[in-house]
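An overview of the molecular structure
The residues making up each chain are set out below.
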Amino acid sequence: VRCDFRAVLDASCMFGSRCFEGVARGAMIGVAWTLAHGAEESSVPGVKRSFAMTMARTSLGFASFLGVYSVVTCVAEKSRRRDDALNNFLGGCAAGAFAAIESPGLRQVLTTSLTTGCVCSCFYFFLKPRPPYDDYS
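Note that the structure is a prediction, hence the values are computed from the model and not measured.

The next subject is the overall build of the chain. In terms of helices and strands, the chain carries 6 helices and 0 strands. Across the chain, helices and strands are ordered from the amino to the carboxyl terminus as α-α-α-α-α-α. The burial tally for the chain puts 28% of its 137 residues in the buried class. Partitioning the intrachain contacts of the chain with sequence separation of at least 6 by distance along the chain shows that 59% fall at a separation of at least 24. On the chain, roughly 9500 Å² of surface is accessible, and the fraction owed to carbon and sulfur atoms is 67%.

Remark: helix α5 (residues 85-99) packs on helix α6 (residues 106-127), axes separated minimally by 7 Å, with the N-to-C direction vectors making an angle of 145 degrees. Between α5 and α6 the crossing geometry is right-handed. On α6, the residues touching Ala85, Asn88, Phe89, Gly92, Cys93, Gly96 and Ala97 of α5 are Val109, Thr112, Ser113, Leu114, Thr116, Gly117, Cys118, Cys120, Ser121 and Tyr124. When grouped by side-chain class, the residues that make up the contact of α5 with α6 number 9 nonpolar, 8 polar and no charged.

Attention now moves to the pattern of salt bridges. Using the criterion set out here, one finds 2 salt bridges in the structure. Arg25 is the salt-bridge partner of Glu21, the closest N and O atoms lying 2.8 Å from each other. One end of the pair, Glu21, and the other, Arg25, are both in helix α3 (residues 17-37), 4 residues apart, so they sit about a helical turn from each other. With relative accessibility at 40%, the residue Glu21 sits in the partly exposed group. Look at Arg25 and you get partly exposed, because its relative accessible area is 46%. Here Asp84 and Arg80 are joined by a salt bridge, their closest N and O atoms 2.6 Å apart. Exposure remark for Asp84: the relative accessible area of 22% places this residue in the partly exposed category.

Checked against the element boundaries, Thr73 lands in helix α4 (residues 51-80). Discounting chain neighbours no more than four positions away, the residues touching Thr73 are Arg18, Asn87, Asn88 and Gly91.

Let's shift gears to a nonpolar patch on the surface. Where nonpolar side chains cluster on the molecular surface, the patch consists of Val119, Phe123, Phe125, Phe126 and Leu127 and spans about 590 Å² of accessible area. Tracing the backbone shows Phe123 in helix α6.

Moving on, we get to the packing of aromatic side chains. Inspection of the entire model under this criterion finds 2 aromatic pairs. Ring geometry for Trp33 and Phe62: centres 5.9 Å apart, planes at 55 degrees, overall tilted. Residue Trp33 is located in helix α3, and its partner Phe62 is located in helix α4; the two are separated by 29 residues in the primary sequence. Note on Trp33: relative accessible area 45%, which makes it partly exposed. With relative accessibility at 27%, the residue Phe62 sits in the partly exposed group. Here the aromatic rings of Phe125 and Phe126 are separated by 5.1 Å at their centres, their planes lie at 80 degrees, and the arrangement is edge-to-face.

Another aspect to go through is α6. Residue pairs spaced three or four apart in an α-helix point in one direction, given the helix's 3.6 residues per turn. End to end, α6 covers 31 Å across 22 residues, agreeing with the expected 32 Å (1.5 Å per residue, within 8%). The complete set of buried residues in α6 reads Val109, Ser113, Thr116, Gly117, Cys120, Ser121 and Tyr124. Taken around the axis of α6, the buried residues stretch over an arc of 130 degrees, which confines them to a single face. Turned more than 90 degrees away from the buried face of α6, the exposed residues are Arg107, Phe125, Phe126 and Leu127. Check the buried side of α6 and you find it contacts α4 and α5.

Cut-off values and rules
Residues numbered from 1 in each chain as written. Predicted model: local features only at pLDDT ≥ 70, side-chain atom pairs only at ≥ 80, totals over all residues. Heavy atoms only, no water. Helix = DSSP H or I, 4+ residues; strand = E, 2+ residues; numbered from the N terminus. Buried < 20%, exposed > 50% of the residue type's maximum accessible area, 1.4 Å probe, protein only. Contact = heavy atoms within 4.5 Å. Areas by Shrake-Rupley, 256 points an atom, 1.4 Å probe, with all protein chains shown as cover. Axes fitted to C-alpha atoms, helices over the stretch in contact; angles between N-to-C directions. Left-handed = near helix turned anticlockwise from the far one by under 90°. Nonpolar A, V, L, I, M, F, W, Y, C, P; charged D, E, K, R; others polar. Salt bridge = Lys/Arg side-chain N within 4 Å of Asp/Glu carboxyl O. Patch = residues over 30% accessible without salt bridge, like charges linked within 9 Å, V, L, I, M, F, W, Y side chains within 5 Å. Phe/Tyr/Trp six-rings, centres within 6.5 Å; stacked < 30°, edge-to-face > 60°. Expected span 1.5 Å × (residues − 1). Arc of directions from axis to C-beta.

Fair warning: the whole summary comes from geometry, so function is off the table for now.
See below:
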């Protein structure tokens, strides 16, 4: 199978609605997470971060995670020309590696990446909307 990378890497994945949708969902999840859990402790013992700083930091983390996931899944789907669990596995691996990039070792980054890819692939497999059956006609 030959892949035309100019068609795959067009602006629709990077700047299209799928990427912006992922970023927006991540930002909303970050706000909801902060509202549910409140301000977090800083690295200095006994000092709390401000609520606004915690909300911004959490929203940015979730937004970038889901943005990476959305872009990689979109590029995989366009390059492979099919919508299946492998695309979500690749997106999950990329997002997991992005989330764990500051981890102390490569082994932890790899473990997080593969685990996130497997979870995303399972979510796709079990939660994908199925087409309606026409067996009754």
